[in-house]
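Summary of the model geometry
Each chain, letter by letter, is given below.
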Amino acid sequence: MARMHNFSAGPAVLPLSVIEQLSCALADFQGCGLGLMEMSHRGKVFDDVIVGAEARFRKLIGVPDDYAVLFLQGGASLQFYMSALNLLGPGERADYLMTGVWSTKALKEAKRCSDAVAVWEQEGIPDHVPHPGSYTIREDSKYLHYTSNNTIYGTQFSALPEAGDRPLVGDLSSDIASRPVDVSRHAVLYAGAQKNLGPSGVCAVILSPWAVEQSRRADRLRPGGIPSMLSYDLMVKKSSMFNTPNTFGIYALDRVLAWVEDMGGVAAMTTRNEEKASLLYGELDRTGFWRPHARTDSRSQMNVTWRTPSPELDAAFVSEAAAAGLSGLKGHRSVGGIRASLYNACGIESVSALVSFMKDFESAKG
Ligand SMILES: Cc1ncc(COP(=O)(O)O)c(C=O)c1O
């Protein structure tokens, strides 16, 4: 089997050992004579899977005991709306830090059901994240929303944004489990699984006790109440199983988390991710040929974005890299250029192979 070095932004590379376990689960799961995708989500076998996945997730991410954990469908994109719908009553306020496409989408959805506004934004294509003091939170706003890592532009908060006594709502889709996070500062923290946690189709959502209480309150305040499938309170009461969950996706998430545990946990991932990112940024800064996008104080360790001196060379780089076994390096369709995603499961050997290809490319074309 010849697997390429995979730099895809998501769905993204999974550890090979996880893929092997998943293939075993397809035909006969744990000797049941049935594949995991073929059995009831209400049975004991799947119950053990989801309970185990939640316990592992709580331990690895450091979720406080009084917080709830959900595994939902609808991706992070549904959470853009669901978080505002549940945390706010009609016309109530929330403030947003606009660091890229995903925060723009989050704000757009929140505006449908609340008085949500941008309190910080950068003109043009964002190349940095805000620093404390560069924005003011409105007095009666209930939370501050931020996107921890901007998958498209390759910028990332190096510390939690300043929010005074307001709780944070964080979209951690592209950097969850890549480094430690203080969950207790958050009312809601959500992450689509398809970058660092597993396959698409599962979204991990962490809720503070206040967030669950707000959900009950919003249900009372909103005319007609909150639709069942969008209610945090109901999803918590039903332990993510109000309807049929993504059973296979949740098992895959559990296996990815078990791999993270075996590798030494989130602390080991942090070191591994720092090493990979510094190897690649080191090459980008070496000669002046490459044009890294993000400002140095906002560089992402998960998605590294850059250009060559011309769009034609960018295209040549991406196609020659693919021919050399390096996949998924094309920048997002909205910005072009080059992007290498270095999620947890991307190994240092893949980054070394990329850097060595970059050196050859520069010698040939620079
Ligand atoms: C930071 C961020 N937020 C949200 C999303 C949207 O996620 P989903 O496709 O799961 O709705 C993405 C997808 O790439 C993302 O990178």
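Values in this document were obtained by computation on a predicted structure and should not be read as measured data. (Residues numbered from 1 in each chain as written. Predicted model: local features only at pLDDT ≥ 70, side-chain atom pairs only at ≥ 80, totals over all residues. Heavy atoms only, no water.)

1. Let's talk about helix 1 (residues 16–27)
Within the sequence span of helix 1, burial applies to Val18, Leu22 and Ala25. Down the axis of helix 1, the buried side of the element spans an arc of 55°, and every buried residue falls inside it. Residues of helix 1 that are exposed and point over 90 degrees away from its buried face: Cys24 and Ala27. Where helix 1 is buried, its residues meet helix 7 (247–263). (Buried < 20%, exposed > 50% of the residue type's maximum accessible area, 1.4 Å probe, protein only. Helix = DSSP H or I, 4+ residues; strand = E, 2+ residues; numbered from the N terminus. Arc of directions from axis to C-beta. Contact = heavy atoms within 4.5 Å.)

2. A few points about the sheet that holds strand 11 (residues 291–292)
If you trace the three strands from one edge of the open sheet to the other, you get 11-12-14, paired in antiparallel fashion. What marks the edges here is a single partner per strand, and that holds for strand 11 and strand 14 (338–341). Pairing geometry for strand 11 and strand 12 (residues 303–307), over two bridges, is antiparallel. Across the sheet, arginine 291 pairs through a bridge with arginine 307, a residue of strand 12. (Pairing = 2+ DSSP bridges.)

3. Digging into the sheet that holds strand 4 (residues 115–121)
Taken in spatial order, the seven strands of this open sheet run 2-10-9-8-5-3-4, and their pairing is mixed. The outermost strands of the open sheet, each flanked by one partner alone, are strand 2 (68–72) and strand 4. The average undirected angle you get between the axes of adjacent strands in this sheet is 20°. Sheet topology note: the strand 8 (residues 168–171)/strand 9 (residues 186–192) ladder contains four bridges and is parallel. Across the sheet, valine 169 pairs through a bridge with valine 188, a residue of strand 9. On the sheet, helix 2 (residues 44–61) packs against strand 2 and strand 10 (203–207) and is oriented at approximately 125° with respect to strand 2. Of the strands in this sheet, strand 2, strand 3 (93–98), strand 5 (141–147), strand 8, strand 9 and strand 10 are in contact with helix 3 (residues 75–87), which crosses strand 9 at around 160°. (Axes fitted to C-alpha atoms, helices over the stretch in contact; angles between N-to-C directions.)

4. A look at the site of the ligand
The environment of the ligand is made up of 13 residues, and the closest members are Ser77, Thr151, Asp171, Gln194 and Lys195. A distance of 3.2 Å separates an oxygen atom of the ligand from a polar atom in the backbone of alanine 76. One of the side-chain nitrogen or oxygen atoms of serine 77 is found 2.6 Å away from an oxygen atom of the ligand. For the ligand, whose accessible area on its own is 400 Å², the fraction buried by protein is 85%. By residue number, the principal contributor to the shell around the ligand is helix 3, which donates four residues. Tallied by class, the residues present in the shell around the ligand amount to three nonpolar, eight polar and two charged. (Near = heavy atom within 4 Å. Polar contact = N/O pair within 3.5 Å; in protein donor to acceptor, adjacent residues only side chain to side chain. Areas by Shrake-Rupley, 256 points an atom, 1.4 Å probe, with all protein chains shown as cover. Nonpolar A, V, L, I, M, F, W, Y, C, P; charged D, E, K, R; others polar.)

5. Notes on the pattern of salt bridges
Under the counting rule described, the total for this entry stands at 23 salt bridges. The partner of arginine 166 in a salt bridge is aspartate 165, with the nearest N and O atoms 3.1 Å apart. Exposure remark for aspartate 165: the relative accessible area of 68% places this residue in the exposed category. A salt bridge links glutamate 362 to arginine 286, with the nearest nitrogen and oxygen atoms 3.8 Å apart. Taken as a pair, glutamate 362 in helix 10 (residues 348–365) and arginine 286 in helix 8 (residues 265–286) lie far apart in primary sequence, 76 residues in all. Judged by its relative accessible area of 14%, glutamate 362 falls in the buried class. Residue classification places arginine 286 among the partly exposed residues on the basis of a relative accessible area of 45%. A single network of salt bridges, built from pairs that share partners, joins Arg93, Asp95, Asp115, Arg138 and Asp140. (Salt bridge = Lys/Arg side-chain N within 4 Å of Asp/Glu carboxyl O.)

6. Some thoughts on the domain arrangement of the protein
How large an interface is tends to be reported as the accessible area lost when its parts come together. One can read the domain layout of the protein as domain 1 (16–261) and domain 2 (264–365). A straight line from the C-alpha centre of domain 1 to that of domain 2 covers 27 Å. Its largest share of buried area at the contact with domain 2, domain 1 owes to Ile152, Gln156 and Trp259, together 22% of the area lost on that side. Here domain 1 is connected to domain 2 by zero salt bridges. (Domains from an automatic or database assignment. Buried area = accessible area lost by both parts, 1.4 Å probe.)

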